[in-house]
Amino acid sequence: MAAPSAVGLSRRLRAWLPRIMPVRWSRYDPSYLEPEVNKELYQKPPEKLTEEEREQMELKAVRPIKAAPPTLSSSVFSDPMVSKFTNMMMKNGNKVLARSLMSQTLEAIKRKQLEKYHKAPENEKEAIECNPYVIFHQALKNCQPIIGLSSITRGGKTYQVPVPLTDNRKRFLAMKWLITECRENKHRRTMMPEKLSQELLLAFNNEGPIIKKKHVLHKMAEANRAYAHFRWW
Amino acid sequence: HPSESPIPQCPKPQSQSPIPNPQSRIPDRRPDKRPVSQSPNPHNPKPQSPIPIPNPQSQSQIQTLGEARVLVRRPALELLSLLKGSDFTRPAVRYLIYGERGTGKSLSLSHVLHGCWRQGWLILHVPDAHAWVRSCRELLPSSHRRERLEQPLQASAWLRAFKSCNERFLTEVRGLSRVRSASDAVGVVLRELRQQCQRGSFRLLVAVDGVNALWGRTALRRDDGTPVRKGQLGTGWDLGVFCVDFGCILAVFWVGFGCIFAVFWVVFWPYPPDPSQEGFDALDPFVPIAVPNYSPREFESCYSYYLERRWLQHPNGQCWEGKGGEGREGRGGRGRREGRGGEA
């Protein structure tokens with residue numbers, strides 16, 4: 001776990017001294033607005049818009065708008081978590097392959113659950129979740145650690161200090177663990193979608209190696225509780 | 001409508017066959033999914049259909065949704081009615097199912113085969129002619145004819161399928177003498193069938209999925225690396241121009257030998273169409289049956305079936321945009337692919 005990164009620092013500085021610190025590689029002037037992709041907003045008649053939405057629309061007439069990144073989609077099926085996960089799975093910029101693997105994974109989850117659903121007796125059918133997106137989100141949520149560890153050096157010795165995690169960091173860790181687990185601990189001939197769907201279903205039920213890893217991390221944080229005062233942020 | 005989708009560059013005109021105009025007489029039936037039961041229903045025990053499902057996609061759909069359902073479409077209905085009404089004293093009529101990729105030719109073929117099987121016809125079915133001319137593991141030189149090669153694995157697989165399909169007829173079909181290899185057995189079976197069909201004891205239906213493979217180049221090579229030409233593949237594969245036997249069958253049928261059965265050929269005709277002239281010559285004259293993409297009604301029917309079986313899980317899958325929106329209406333889209341490509 002790294003010390004507070006340059007991003008966090010620059011964000012705080014930016015709030016304090018506006019228009020001085022750029023965020024990461026963004027070179028846009030702060031007056032630029034984010035692109036609005038939600039189609040429903042544009043289809044609403046002007047009377048039904050709330051105050052904020054009306055202000056936003058008026059601003060758009062005056063201010064310039066940033067270019068929409070290629071990953072931003074107006075499709076009804078687009079999901080930012082799924083896109084993020086796909087990007088993390090991608091290797092050497094092969095987005096086509098990553099995306100196809102992702103869709104095959106979701107399809108595999110759906111097929112497994114549907115088979116179970118159709119074979120189950122009537123009273124158990126309600127309990128079986130068949131929506132792969134719901135399973136994906138819930139599995140990732142279950143894999144997210146609450147507390148993390150950070151290496152801090154004091155007097156020549158490095159201590160593992162328990163530290164609270166931001167939401168982004170939690171999401172990142174969950175996805176990273178999932179992908180690493182599926183890449184390393186599978187048989188040579190198993191396909192990635194198959195293994196991923198297996199792990200996601202296990203995580204959805206709070207079982208499996210990734211949940212174990214999360215528990216191990218929590219236990220270590222609990223064990224190193226004494227060093228918590230080393231944290232200064 | 002079948003006549004509206006033309007085959008581009010088709011060199012041969014429509015055949016002048018004694019069959020009535022296939023475009024008339026079929027009432028406009030509402031396309032609905034009728035179950036083709038694959039597993040025995042405990043309430044109404046029907047025999048299991050041995051017709052193989054054409055592609056792995058359909059197989060996985062059947063496994064996931066737990067039942068095999070077929071959308072009743074116009075080409076399949078036409079074919080069934082034509083076969084029912086066909087005159088068996090005349091020489092055999094050939095039907096060719098053509099269409100673009102993914103429009104449902106193989107499934108229509110399976111539908112028709114199942115219908116005929118239910119009515120008690122004897123089925124001679126080649127599930128995939130392309131599989132025979134490619135990727136063969138064992139290619140042995142033929143035992144009794146030089147320069148011919150056999151494919152024992154595929155021959156034995158086909159024999160097993162044939163047996164499971166036509167078990168009730170095997171007592172009637174006599175004289176399967178002991179043969180040394182599977183390919184020869186296939187040849188013997190075909191010869192026996194030909195002889196017994198002429199006596200009129202049963203109705204035979206010959207269906208080949210991917211008939212254009214028989215007149216294309218083979219992807220097989222011998223041990224020394226030389227490629228195998230069309231005329232050299234197996235005594236058992238008496239289909240098309242491969243072997244003299246089936247050439248005889250074709251000739252016999254067409255000359256009007258008094259055969260009392262109907263034969264129909266089905267082709268997977270990809271776009272652009274197979275320009276092989278020999279194929280056209282051998283198949284001609286035939287009755288073409290076009291299989292178009294799903295019409296809007298068929299799409300709705302398919303979509304509601306998927307919703308009912310809970311295949312479409314995304315909550316946005318039911319709105320207009322989720323179904324494909326403008327793109328679908330512009331193209332008159334494909335039912336199955338739309339449902340899959342938009343969401344998982």
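Everything quoted here is computed from the prediction, not taken from an experiment.

(A) Spatial organisation of the packing of helix α4 (residues 80-89) of chain A against helix α5 (residues 95-119) of chain A. Residue and element names in this part refer to chain A. One can describe the packing of α4 onto α5 by two numbers: an axis separation of 9 Å at closest approach and a directional angle of 125 degrees. Between α4 and α5, the interaxial angle falls into the category oblique. Our pair here, α4 against α5, has a crossing hand that is right-handed. Packed against α4, whose contacting residues are Val82, Phe85, Thr86, Asn87 and Met89, the element α5 presents Lys95, Ala98, Arg99, Leu101 and Met102 at the interface. The residue inventory of the contact of α4 with α5, partitioned by class, reads 6 nonpolar, 2 polar and 2 charged.

(B) Representation of helix α9 (residues 209-223) of chain A in the model. Residue and element names in this part refer to chain A. Taking 1.5 Å per residue as the helical rise, α9 with its 15 residues ought to reach 21 Å, and the 21 Å between its terminal C-alpha atoms agrees with that figure. Among the residues making up α9, those that are buried are Ile210, Ile211, Lys214, Leu217 and Ala221. Down the axis of α9, the buried set is contained in an arc of 120 degrees. They therefore lie on one face. Exposed residues on α9 whose side chains face more than 90 degrees from its buried face are Lys212, Lys219 and Ala223. For α9, the secondary structure elements touched by its buried residues are α6 (132-143), β1 (147-154), β2 (157-164), α7 (167-184) and α8 (192-204).

(C) Main features of the interface of chain A and chain B. Listed per partner, the contact involves 17 residues of chain A and 20 residues of chain B. For the chain A and chain B pair, buried surface summed over both sides reaches about 1,800 Å², with 57% attributable to carbon and sulfur atoms. When the buried surface of chain A facing chain B is broken down by residue, Val76, Phe77 and Arg111 of chain A rank first, second and third, together holding 36% of it. The interface formed by chain A and chain B includes 0 salt bridges.

(D) Spatial organisation of helix α2 (residues 74-84) of chain B. Among the 11 residues that make up α2 of chain B, 8 are buried, leaving the element largely enclosed by the rest of the structure. Looking at the buried side of α2 of chain B, the elements it contacts are β3 (95-98), α3 (105-119), β7 (204-208) and β8 (287-290) of chain B.

What counts and what doesn't
Residues numbered from 1 in each chain as written. Chains lettered and ligands numbered in written order. Predicted model: local features only at pLDDT ≥ 70, side-chain atom pairs only at ≥ 80, totals over all residues. Heavy atoms only, no water. Axes fitted to C-alpha atoms, helices over the stretch in contact; angles between N-to-C directions. Helix = DSSP H or I, 4+ residues; strand = E, 2+ residues; numbered from the N terminus. Parallel < 35°, antiparallel > 145°, perpendicular 65-115°, else oblique. Left-handed = near helix turned anticlockwise from the far one by under 90°. Contact = heavy atoms within 4.5 Å. Nonpolar A, V, L, I, M, F, W, Y, C, P; charged D, E, K, R; others polar. Expected span 1.5 Å × (residues − 1). Buried < 20%, exposed > 50% of the residue type's maximum accessible area, 1.4 Å probe, protein only. Arc of directions from axis to C-beta. Buried area = accessible area lost by both parts, 1.4 Å probe. Salt bridge = Lys/Arg side-chain N within 4 Å of Asp/Glu carboxyl O.

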